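Secondary and tertiary structure notes
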Amino acid sequence: MATNVDPFNRRITYLRVSVTDRCNLRCRYCVPVKHFTFLDHGEILNYEEILQIVRAAACLGINKVRLTGGEPLIRRNLVHLIKQLCAVDALTDVTLTTNGVFLKDMARAIFDGGIHRINVSLDTLDPEKFSQITGRDCFNRVWRGLQEARDVGFSPIRINVVAIRGFNEDELEALARLSIDGPYQVRFIEYMPIGKDTFWTPERFISVDDIKSALAPLGPLERIPSSAMDGPAERYRFSGGRGELGFISAMSHQFCHACNRLRLTADGKLRPCLFADYEVDLKTPLRTGCGQDDLVALFHRAIDKKPGKHHAARRGRMQSARPMTSIGG
Ligand code: SAM
């Protein structure tokens, strides 16, 4: 009997699907500065393969899919995949995480394709600092993309901010203010030590507790009760704010006990934990003719190997051989 419950009694309902390891930005906390090559096109899953995998996942009780990467909007004909995914009956939620560079041009097609909730990553409001951290002069494009997403009707629009000491600690208040002035859910994410050759150092880490303290001048945070869609984020709002805040404390307050997700890498590996390198290969079986039952069995293998908790903070060093861009954030 197919089950999506892991050995620690967590029900796995969420699959993050990376559609490409490539990205049009070079964020210094995400893409390694050296020793990194992108996959050839033939190595990444085609859309039919992704759909076969998602249908098998849906058989198991996975009902939420998030498209990510790399940068999903650079994959050709992404909207075709979106439409097909949104037509999978058992999925109740299909969403997307993007750096926003191509959002202005694509927001309408994505929305019409069936995705109505979106996450946009933006770590600074200063165009110069944006160029420093991402390696590309694209702040204004991302900003226009966010405005377009609002105009088109996405809701919620989440703005993902990785808090990094020495980079954006002086902007946390200004970024949080976006949730007061506009209908945005600003989500502060603790900087995680993923992959080698990025600019991670322990000194750059800012805990969620410290982020909250930095926001004190904006007034008291009012807690919002969590819903099934929230995942690991703690939600808050400022009195009178049009949007809300979220805090994701993957390092300081582990939420592994509530982790309900698996990740599918662009090259077809199913990964039970962001921080552990154990992966189940789905691509080779798919390309040698396996059927849906075999895929479901491979999902079980990954679910059975999901660790009870990650040890990233305790070991205090890089936790994965793959960088974030290649796992799918
Ligand atoms: N390109 C898309 C984007 O920029 O949102 C999707 C992929 S990106 C890897 C997904 C998310 O992972 C982004 O919000 C990014 O900020 C976050 N991320 C990447 N590296 C991280 C790290 N070391 N610690 C915390 N978050 C990280």
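Refer to the structure above for everything that follows.
To start, this report covers the structure provided alongside it. Per chain, residue numbering runs from 1 following the sequence as it is written. A pLDDT threshold of at least 70 governs which residues receive local features in this predicted model, and a stricter bar of 80 or more applies before side-chain atom pairs are shown or counted, although totals over entire chains, interfaces and linings include all residues. To obtain the side-chain values, all non-hydrogen atoms of the structure were used and water was disregarded.

As a further point, take the overall build of the chain. Helix and strand counts for the chain come out as 11 helices and 12 strands. Projected onto its principal axes, the C-alpha positions of the chain cover 55 × 45 × 40 Å. Here the chain has roughly 13900 Å² of accessible surface; of this, 48% comes from carbon and sulfur atoms. Numbering of helices and strands starts at the N terminus; helices are DSSP runs of H or I of at least 4 residues and strands are runs of E of at least 2. All accessibility values rest on the Shrake-Rupley procedure with a 1.4 Å probe; residue burial counts only the protein chains present in the view.

A few words now on the packing of aromatic side chains. Stacked, tilted and edge-to-face are the three classes assigned to paired rings of Phe, Tyr and Trp, where Trp is represented by its six-membered ring and a pair needs centres within 6.5 Å; plane angles under 30 degrees give stacked, over 60 edge-to-face, the rest tilted. The tally for this structure, following the rule as stated, stands at eight aromatic pairs. Aromatic side chains Phe111 and Phe154 sit 5.2 Å apart centroid to centroid with 80° between the ring planes, which places their arrangement in the edge-to-face category. Of the two residues, Phe111 is situated in helix H3 (residues 103-113) and Phe154 in the loop between helix H5 (139-152) and strand E5 (157-163); the sequence distance between them amounts to 43 residues. The exposure class assigned to Phe154 is buried, which follows from its relative accessible area of 5%. With a centroid separation of 5.9 Å and an interplanar angle of 20°, the aromatic rings of Phe188 and Phe247 are classed as stacked. Burial classes follow relative accessibility: with a 1.4 Å probe on protein chains only, a residue under 20% of its type's maximum area counts as buried, one over 50% as exposed, and anything between as partly exposed.

Attention now moves to helix H2 (residues 78-86). The set of residues buried in H2 consists of Leu78, Val79, Leu81, Ile82 and Leu85. Taken end-on, H2 shows its buried residues confined to a sector of 155°, consistent with a single buried face. Residue contacts are counted whenever heavy atoms from the two residues lie within 4.5 Å of one another. The secondary structure elements touched by the buried residues of H2 are helix H1 (47-60), strand E2 (64-68), strand E3 (93-98) and H3. As used here, the arc belongs to the directions running from the helix axis to the C-beta atoms.

Within the largest apolar cluster, 105 residues are counted, with the highest numbers of intra-cluster contacts made by Leu15, Leu67, Ile110, Phe154, Phe188 and Phe299. The greatest single-element share of this core, amounting to nine residues, is contributed by H1. Other than its neighbours up to four places away in sequence, Leu67 contacts Val17, Val19, Pro72, Leu78, Leu81, Ile82, Leu85, Thr95, Leu96, Thr97 and Ile115. The definition of a nonpolar core used throughout is a set of buried Ala, Val, Leu, Ile, Met, Phe, Trp, Tyr and Cys residues joined through side-chain atoms within 4.5 Å.

Salt bridges are counted wherever a side-chain nitrogen of Lys or Arg sits within 4 Å of a carboxyl oxygen of Asp or Glu. With the rule as written, the count across this model stands at 20 salt bridges. Of the charged contacts, one joins Lys104 and Glu148 as a salt bridge, the two residues approaching to 3.5 Å between their closest N and O atoms. Note that Lys104 is positioned in helix H3 and Glu148 in helix H5, a separation of 44 residues in sequence. Note that Glu279 and Arg322 form a salt bridge whose closest N and O atoms lie 2.9 Å from each other. Here Glu279 is found in the loop between strand E11 (269-271) and strand E12 (280-281), whereas its partner Arg322 is found in the loop between helix H10 (312-315) and helix H11 (324-327), with 43 residues between them in sequence. You can call Arg322 buried: its relative accessible area is 14%. What you see here is one network of salt bridges that share partners, running through Asp267, Lys269, Arg271, Asp277, Glu279 and Arg322.

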